[in-house]
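Now for the letters of each chain:
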Amino acid sequence: MTKKKLITIAVVAILVISAVYFTFHRYNHPRSVVTEETLDSIAVIEIPEPELLYGLPVDSFQIEENKVKRNQFLADVFLKAGVDYPTINTIVEKTKPVFDVRKIKVGNRYTLFYSNDSLKQLNHFVYAIDNTDYVVVSLADSIHVYRDVKETRNVPKTATGVINSSLWVTMTEHDINPLLAIELSEIFAWTVDFFGIEKGDNFKVYYDEQYVDSVSIGIGKIHSAVFHHRGRDYYAFSYAEDSVEHFFDEQGQSLRKAFLKAPLKFSRISSRFSNSRLHPVLKIRRPHHGIDYAAPTGTPVYALGDGRVIARAYQKRGGGNYLKIKHNSVYTTVYMHLHGFAKGITKGTYVKQGQLIGYVGSTGLSTGPHLDFRVFKNGKPVDPLKIDAPPVNPVKEENMPAFTMFIEPLKHQLDSLQLPIITE
């Protein structure tokens, strides 16, 4: 064979081998050739987020959920789950800085996370303290105890209602969280007489309801509301001024009025609010839910705030001459041991803040001249020295343009809400 033929055969062989190699890699390794067109055809694999329960991946464990039974202790739960006594003692010791295990409550939920194998060993124990807080005991490697909080979601909502009997009943009839009634009564306490609600009064409100998982745990922020009472609309807008949020009407006026710091002047406190005070006359211990202001007989006593006198009477074995003033649906004040009443003060009289209503005395069960002054909030006694004086200042003049712009969409939203149609 000539040299020329050998060269020809060699060249042909090289060309054949190159063609076979190129074809093989083209069809068996398509990713080696990427063009703009092929990029669109490449599938993107999305890895789903793992489902978590108390921050633990659900698919990694065998999970059992139970409720604490009557007379059941934490040790009972762990023993049933296969945990020995020495380990239980360690768990109790390590839990002390986080949660007192003696305070587990009947009916509260707990969750057991077992290993996802044939051994089924307890890896984690979770006790739900309430709707949001929980304690985790981790036994996977070493024993570790920590406390955490579930995420709370704020869900924006609107609610409307026409009142036939009471605000609370209206809420339940319209499948609205009845806790909203309490929030509205606090906001409008100074403008709406909730004890004098009339049939046909109505409300519209824009608010947040708080949820943990899918369970409602209460009312969040009230953004705006309007309450129609006795033929008049009362608006309320939550607005932050000087980094503090208050409720104002559409004119920028505060919805709440302030109390005086004290109902009299030139006095000293001789006895404070107490749940167990030695009575100076009876010589027994019993609650004294008020403040005693020692002052000379005849010292003027003034109304703590605007309100209506709902009682003017005499109690021989108690408060002597006393007055009771209802300021709104939340607050009531009582003035006892009075020497006498101011002119014109009778049951049903409407008094203004700072108005003279009586004089310090020593009537009833008393060892000397003083004023026994009491404050009730929602019918329950509270320490007069600890009540928050509601804000009274309106929106500052320089902030009014910003305030007006802020409430405009909120007011439009409220006005656009339709009240439910009431059928007789």
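Before reading further, recall that the structure is shown in the block above.
Residues numbered from 1 in each chain as written. Predicted model: local features only at pLDDT ≥ 70, side-chain atom pairs only at ≥ 80, totals over all residues. Heavy atoms only, no water.

## A few points about the sheet that holds strand 7 (residues 144-149)
The criterion, for reference: Here, strands pair whenever DSSP counts at least two bridges between them. Labels follow the DSSP assignment, with helices taken as runs of H or I lasting at least four residues and strands as runs of E lasting at least two, numbered in each case from the N terminus. Fitted lines through C-alpha atoms give the axes, limited to the stretch in contact for helices. The angle between two N-to-C directions lies from 0 to 180 degrees.
Read from one edge to the other, the open sheet built from 5 strands follows the order 3-4-5-6-7, with strand pairing classed as antiparallel. Across the chains shown, the open sheet's two edge strands, defined by having one partner strand only, are strand 3 (61-67) and strand 7. Direction aside, the axes of adjacent strands within the sheet are offset by 20° on average.

## Quick word on the pattern of salt bridges
Worth spelling out the cut-off: Salt bridge, as used here: a side-chain nitrogen of Lys or Arg that lies within 4 Å of a carboxyl oxygen of Asp or Glu. Burial here depends on accessible area, computed with a 1.4 Å probe over protein chains only, as a share of the maximum for the residue type. Under 20% is buried, over 50% is exposed, and the range in between is partly exposed.
Tallying each qualifying case throughout the model produces 12 salt bridges. Between Lys396 and Asp242 there is a salt bridge, with the nearest N and O atoms lying 3.0 Å from each other. With a gap of 154 residues between them, Lys396 in the loop between strand 24 (380-382) and helix 7 (400-416) and Asp242 in the loop between strand 11 (232-241) and strand 12 (244-248) connect regions that are remote in the sequence. Relative accessible area serves as the criterion here: at 35%, Lys396 is assigned to the partly exposed category. For Asp242, a relative accessible area of 55% corresponds to the exposed category. Asp306 is paired through a salt bridge with Lys352; the nearest N and O atoms lie 3.4 Å apart. Of this pair, Asp306 sits in the loop between strand 17 (300-302) and strand 18 (307-315) while Lys352 sits in the loop between strand 21 (350-351) and strand 22 (356-360), and the two are 46 residues apart along the sequence. Overall, Lys352 belongs to the partly exposed group, its relative accessible area being 45%.

## Quick look at the nonpolar core
The condition that has to hold: We call a set of buried Ala, Val, Leu, Ile, Met, Phe, Trp, Tyr and Cys residues a nonpolar core when their side-chain atoms join them within 4.5 Å. Note on contacts: a residue pair is in contact if any heavy atoms of the two residues lie within 4.5 Å.
Grouped together as the largest cluster of nonpolar side chains are 26 residues, with contacts concentrated most on Leu323, Tyr335, Ile357 and Leu371. With 4 residues, the top contributor of residues to this core is strand 20 (residues 331-341). Contact partners of Leu323, with chain neighbours within four places excluded, come to Val309, Ala311, Arg312, Thr333, Val334, Tyr335, Leu338, Phe341, Ile345 and Ile357.

## Description of the sheet that holds strand 11
The strand order across the open sheet formed by 5 strands is 8-9-10-11-12, and the pairing between neighbours is antiparallel. Both edges of this open sheet fall to strand 8 (152-162) and strand 12, since each of them pairs with a single strand only. Pairs of neighbouring strands in the sheet enclose a mean axial angle of 25°, with direction left out of account. Against the sheet, helix 6 (residues 179-187) makes contact with strand 8, strand 9 (202-212), strand 10 (215-229), strand 11 and strand 12, and its axis sits at roughly 45° relative to strand 10, the strand it touches most.

## Comments concerning the side chain of Ser185
As for its position among the elements, Ser185 is in helix 6. Setting aside residues up to four positions removed in sequence, Ser185 forms contacts with Phe194, Ser329 and Val330.

## Remarks on helix 7
Think of an α-helix as turning once every 3.6 residues; residues three or four places apart then point the same way. Test applied: An expected span of 1.5 Å times one less than the residue number is assigned to each helix. The seven residues ending at a residue and the seven starting there each receive a fitted axis; the angle between those axes is the bend at that residue.
The terminal C-alpha atoms of helix 7 lie 24 Å apart, and with 17 residues this matches the ideal 24 Å at 1.5 Å per residue to within 8%. The largest bend along helix 7 reaches roughly 30° and is located at Ile407, with the proline Pro409 sitting one to four residues downstream. When we look at burial in helix 7, the residues that qualify are Phe403, Ile407, Leu410 and Leu414. Along its buried surface, helix 7 packs onto strand 9, strand 10, strand 11 and strand 12.

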